[in-house]
Amino acid sequence: RSKPSQTIMTEKGRKRDRPGGSAKGSKGGGVDDGKPVTKKQQRKAAMAAKTPYFSPKPSSSIVGIDVPLDRLMPQKRIELIAELSESILEDPSTALTSSRTDVVPTTSKANTKDQDTDTNEKQYHKTQSKMNKLFELASLSTNGHDAHAARLALLSLLAIFQDILPSDRIRLPTEAEMNVRVSKDVKKTWDYERKLLQAYQRYLQLLEKTWEDGKFGHRGLSDQTGPPTTLAATSIIALSQLLQTSYLFNFRSNLIQIVVRQANNHSSDDVRLACCHALSVLFTKDVQGEASLEAVRRMAKMVKERHNQQGGRGIHPGVMNTWLSLPLRIHEDEAMAAKIAAQVKKKRAKKSEEAKATQDIENEMKEGEATVDKLELAKNQADTLHAVILTYFRILKVQDGAAEQIDSKVVDSNLLPCALRGLAKFSHLIHLDAVVDLLEVLKKLLENGDRLSTDSCVHCILCALKTLRGPGRDTIPVDMKQYLIPLYGILPRIGIPTNESSLPSTNADDAQSNDEGKVIEEVIQCLDHAFLQRRELSSTRLAGFLKRLACSSLHCMPTSSVPLLACTRQIASRYSSSSSSKIERMLENEEDIVAEGVFSPDAEDPEHSNSHATSLWELSLLKYHVHPKVAEQSSNMAEGKLLKLPGEAPSKLCSQMKRDAREGHIEQKPMWKKHPLDTTASNRKKSRRRQNQVRFITPRRTANWHLQTN
């Protein structure tokens, strides 16, 4: 038997038969021949009829949307926030507009005649939009001063805008475009984009107002340096999250201005770290470089205004460290060629009106494309590099001027290590003339190294060594001795506790350990550039550095001595083949060493220390160190064993030791011992076999007894 067919109307009005049901059964959702219509068939029928399968919840169906927020309980406000957020995400277009519903009037027998006369007049009740209701819940002045509900509403709005905002800018139609006759779909799209921009602008204004009201704590406090409230901190964190995800959308300049200003916040570490992280993510994700250029220019302007500000707070080093995330790859010469090409293109466009019109159309098309304009990228990166290097040189010039003053007590600056670290990263991109000036400034700073912190001195040396390894190093007449002698003199200062911490911390021990770990990493990089990436021809200088590294490993913490010993082993193993007669004898006894002169540990130049006249006796002491890794590295170096790379690389050991120190972990080898209550015979026999028997033998008299003195 043939089954009855189910008829479905398609878009073009044609009928399509489907076996297994009738039209009546599918329409009413009933049962045909004992078989109910499945949900899949209902979904397909709804899609064919252009009706939504999941209809959004109307505003009138949300409980409490028309009730004043002052009368709602705190739990009801939270439930209302959840329902509104879910409803907005289901259908954002209807959530941005207000709705109205018909009002059914209450009738009575006395008013029946009046009702008959006014049957044609309908009454409506206007309901505000769901987005406006959520904005009221996010404001303290309208939600009954419920800070918890306002915080949840702000975070809910953040998640909503992150989900519904497009990935490119919205350009509102002009008056001329509004006068043109367009279709209903285009008008609907324009209306939705306009309302979306208004809601997003209102959200940004609400976040900024919330921060201004609570950035110094609660109102009424006279102290203008207190920590911000939780609600105010939440607003800044929301702004930083929007900068990370919606930096290509409208109002980008407002976001960058607020986040850059609060990245230097001294009253709250959470706010400062959130803003600095947002800027780092922005620099990493920005492909075209426009947003990064705008942020860098604002930061450079802030550094110029506040650096070395008398009687005020300067720039936090974390603000400058965000520039290390910039993916700059364009050299200054390439950038100049890109600028010239862009200028020629603009001049050609100005000559003819047709070219100008086509240029405007091309600019609009580029905004919607996902490709990267190489000329625009080169121009943006060139301007970014110019702003960054100019700021770094300004810090160095100020530092150089302060170092020349004899009576200056405070010479070091918190921004000097940040500037040197950035110059070491981007020095291969700057012009050769600027490289020569940079090396001259670094040389002057190292001449006054006694008044600089250990971190600053190490960064000066590392910046100079990296610059000399860059392009044009063969044409620069610079002697490496100018930077190796300060490196030799700074090694004893490693691991000594000082109050020169450039990064303030609430825990002094944590700050000291973090600074020491960073200094050790930089010292290892300096030694790598000085002796591993280049060939050292002076064996006397090499022996002096090996002796100084072994001496520095004695007084350092295990987190520093293990990487230093590994680096010493790596340097000694590389030069052992060419100068074995001079390096290997330093591992012997001092009585067996035949050399001229005496070792002078106080010499400033390693070539004048006469390190060949001594031995590395520090290794014999470090073999009995309490930390097992220190003892292992020292014994392996004394025996002349090679490093097992990459597992025992100095940089990797440094990171492992810092992690172990942070977690309080000391690796120990398990020692299996026999349980005292175990009396089995088999275990006793095995233990006797493994046990080393020690016997004391009394020597017997021999015929040479007359040779004894007593």
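Structural data are supplied above this passage.
Given the structure is predicted, the values throughout are model-derived calculations rather than measurements.

(A) Quick peek at the overall build of the chain. Helix and strand counts for the chain stand at 29 helices and six strands. For the chain, with 710 residues in total, the buried portion stands at 40%. When contacts within the chain are restricted to residue pairs at least 6 apart in sequence, long-range pairs at least 24 apart make up 70% of them. Total accessible area on the chain stands at roughly 43,000 Å², and carbon and sulfur atoms take up 51% of it.

(B) A look at unusual backbone geometry. Across the junction of leucine 645 and proline 646, the peptide omega takes the value 0°, indicating a cis bond. Summarising the element assignment, proline 646 is placed in the loop between helix 27 (628-639) and helix 28 (650-663). Here histidine 145, not a glycine, exhibits a phi torsion of approximately 55°, which is positive. Mapped onto the elements, histidine 145 comes out in the loop between helix 6 (130-138) and helix 7 (147-164). Accessibility expressed as a relative area gives 66% for histidine 145, which makes it exposed. You will see that phenylalanine 251, though not glycine, has its phi angle at about 60°, which is positive. In this fold, phenylalanine 251 is placed in the loop between helix 10 (230-245) and helix 11 (252-262).

(C) Looking closely at the nonpolar core. Phe161, Tyr203, Trp323 and Ile571 are the most contacted members of the largest nonpolar core, which has 135 residues in total. Aside from chain neighbours lying at most four places away, what touches isoleucine 571 is Leu527, Phe531, Leu532, Leu542, Leu546 and Leu549. Formed by 14 residues, the second largest nonpolar core is a distinct cluster that contains Ala543, Leu616, Leu643 and Met657.

(D) Structural context of a positive patch on the surface. On the surface, a cluster of positive charge is made up of Lys39, Lys40, Arg43 and Lys44. Counting through the fold element by element, lysine 44 comes out in helix 2 (residues 39-48). Lysine 44 gets classed as partly exposed once you look at its relative accessible area, which sits at 42%.

(E) Spotlight on the environment of isoleucine 494. For isoleucine 494, the location among the structural elements is in the loop between helix 21 (481-490) and helix 22 (508-532). For the pair isoleucine 494 and serine 560, spaced 66 residues apart in sequence, the C-alpha separation works out to 8.4 Å. Residues within four places of isoleucine 494 in sequence aside, it is in contact with Ile520, Val523, His555 and Cys556.

(F) Just the packing of aromatic side chains, in detail. Per the stated rule, a full pass over the model turns up seven aromatic pairs. When the centroid spacing of 5.3 Å and the interplanar angle of 75° are considered together, the rings of tyrosine 200 and phenylalanine 249 count as edge-to-face. A residue pair is termed long-range when its members are at least 10 positions apart, and tyrosine 200 in helix 9 (residues 184-214) and phenylalanine 249 in the loop between helix 10 and helix 11 qualify at 49 residues. The burial state of tyrosine 200 is the same as that of phenylalanine 249; both residues are buried. Here the aromatic residues Phe161, Tyr200, Tyr203, Phe249 and Phe251 are joined through ring pairs into a cluster of three or more.

(G) Here's a closer look at the side chain of glutamine 244. By the secondary structure assignment, glutamine 244 is in helix 10. Owing to a relative accessible area of 10%, glutamine 244 belongs among the buried residues under this scheme. Sequence-distant contacts of glutamine 244, that is, excluding residues within four places in its chain, are made with His277, Ala278, Val281 and Lys285.

(H) How the structure looks around a nonpolar patch on the surface. A surface patch of nonpolar side chains, about 280 Å² in accessible area, is lined by Leu554, Trp617 and Leu621. By the element assignment, leucine 554 lies in helix 23 (residues 539-555).

(I) Highlighting helix 7. Compared with the 26 Å implied by 1.5 Å per residue over 18 residues, the 26 Å span of helix 7 between its first and last C-alpha is a close match. Along helix 7, the residues that are buried comprise Ala149, Ala150, Ala153, Leu154, Ser156, Leu157, Leu158, Ile160, Phe161 and Ile164. Those residues of helix 7 hidden inside the fold are in contact with helix 3 (74-90), helix 4 (92-95), helix 6, helix 9 and helix 10. You can read the cap of helix 7 off the contacts: a side-chain oxygen lies 3.4 Å from the backbone nitrogen of histidine 148, and it is on aspartate 146.

(J) Structural view of the packing of helix 18 (residues 416-426) against helix 20 (residues 454-468). Packing of helix 18 against helix 20 brings their axes to within 9 Å, and their N-to-C directions diverge by 15°. It follows that helix 18 is roughly parallel to helix 20 by the angle criterion. Between helix 18 and helix 20 the crossing geometry is left-handed. Between helix 18, through Leu416, Pro417, Leu420, Arg421, Leu423 and Ala424, and helix 20, the contact on the second element is made entirely by Asp455, Ser456, His459, Cys460, Cys463 and Lys466. Residues that form the contact of helix 18 with helix 20 fall into these classes: seven nonpolar, two polar and three charged.

Definitions and limits used
Here, residues in each chain are numbered from 1, in the same order as that chain's written sequence. For this predicted model, a pLDDT threshold of at least 70 governs which residues receive local features, and a threshold of 80 or more governs which side-chain atom pairs are given and counted, while totals over whole chains, interfaces and linings are taken from all residues. With hydrogens and water set aside, each side-chain value is computed from the structure's full complement of heavy atoms. Secondary structure is summarised from DSSP: a helix means a run of H or I of at least four residues, a strand means a run of E of at least two, and numbering begins at the N terminus for each. Partly exposed residues are those whose accessible area sits between 20% and 50% of the maximum for their type, while under 20% is buried and over 50% is exposed, using a 1.4 Å probe and protein chains only. Whether two residues touch is decided by their heavy atoms; if any such pair falls within 4.5 Å, the residues are in contact. Areas reported here follow the Shrake-Rupley algorithm with a probe of radius 1.4 Å; residue values treat only the protein chains shown as occluding. Nonpolar core, defined: a set of buried Ala, Val, Leu, Ile, Met, Phe, Trp, Tyr and Cys residues in which side-chain atoms within 4.5 Å join the residues together. Residues forming no salt bridge and having over 30% relative accessible area are the ones grouped into patches, like charges within 9 Å of each other and nonpolar side chains (Val, Leu, Ile, Met, Phe, Trp, Tyr) within 5 Å. Here a salt bridge means any side-chain nitrogen of Lys or Arg lying within 4 Å of a carboxyl oxygen belonging to Asp or Glu. Neither His nor the chain ends contribute to the count of charged residues, in which Lys and Arg are positive and Asp and Glu negative. To locate a charge, take NZ of a lysine, CZ of an arginine, CG of an aspartate or CD of a glutamate. A pair of aromatic rings is counted whenever rings of Phe, Tyr or Trp (Trp by its six-membered ring) have centres within 6.5 Å, and the orientation is called stacked for planes under 30 degrees apart, edge-to-face for over 60 and tilted otherwise. For a helix, the expected span equals 1.5 Å multiplied by the residue count minus one. Counting of polar contacts relies on pairs of N or O atoms within 3.5 Å, with two restrictions inside protein: one atom must be capable of donating a hydrogen and the other of accepting it, and residues adjacent in sequence are counted only when both atoms are side-chain atoms. Simply put, an axis is a line fit to the C-alpha atoms, just over the touching stretch for a helix, and the angle between two N-to-C directions goes from 0 to 180 degrees. Here the word oblique covers every angle except those under 35 degrees (roughly parallel), over 145 (roughly antiparallel) and from 65 to 115 (roughly perpendicular). Whether a crossing is left-handed or right-handed is set by the direction in which the near helix is turned from the far one by less than a right angle, anticlockwise for left-handed and clockwise for right-handed. For this classification, the nonpolar set comprises Ala, Val, Leu, Ile, Met, Phe, Trp, Tyr, Cys and Pro, the charged set comprises Asp, Glu, Lys and Arg, and every other residue, Gly included, is treated as polar.

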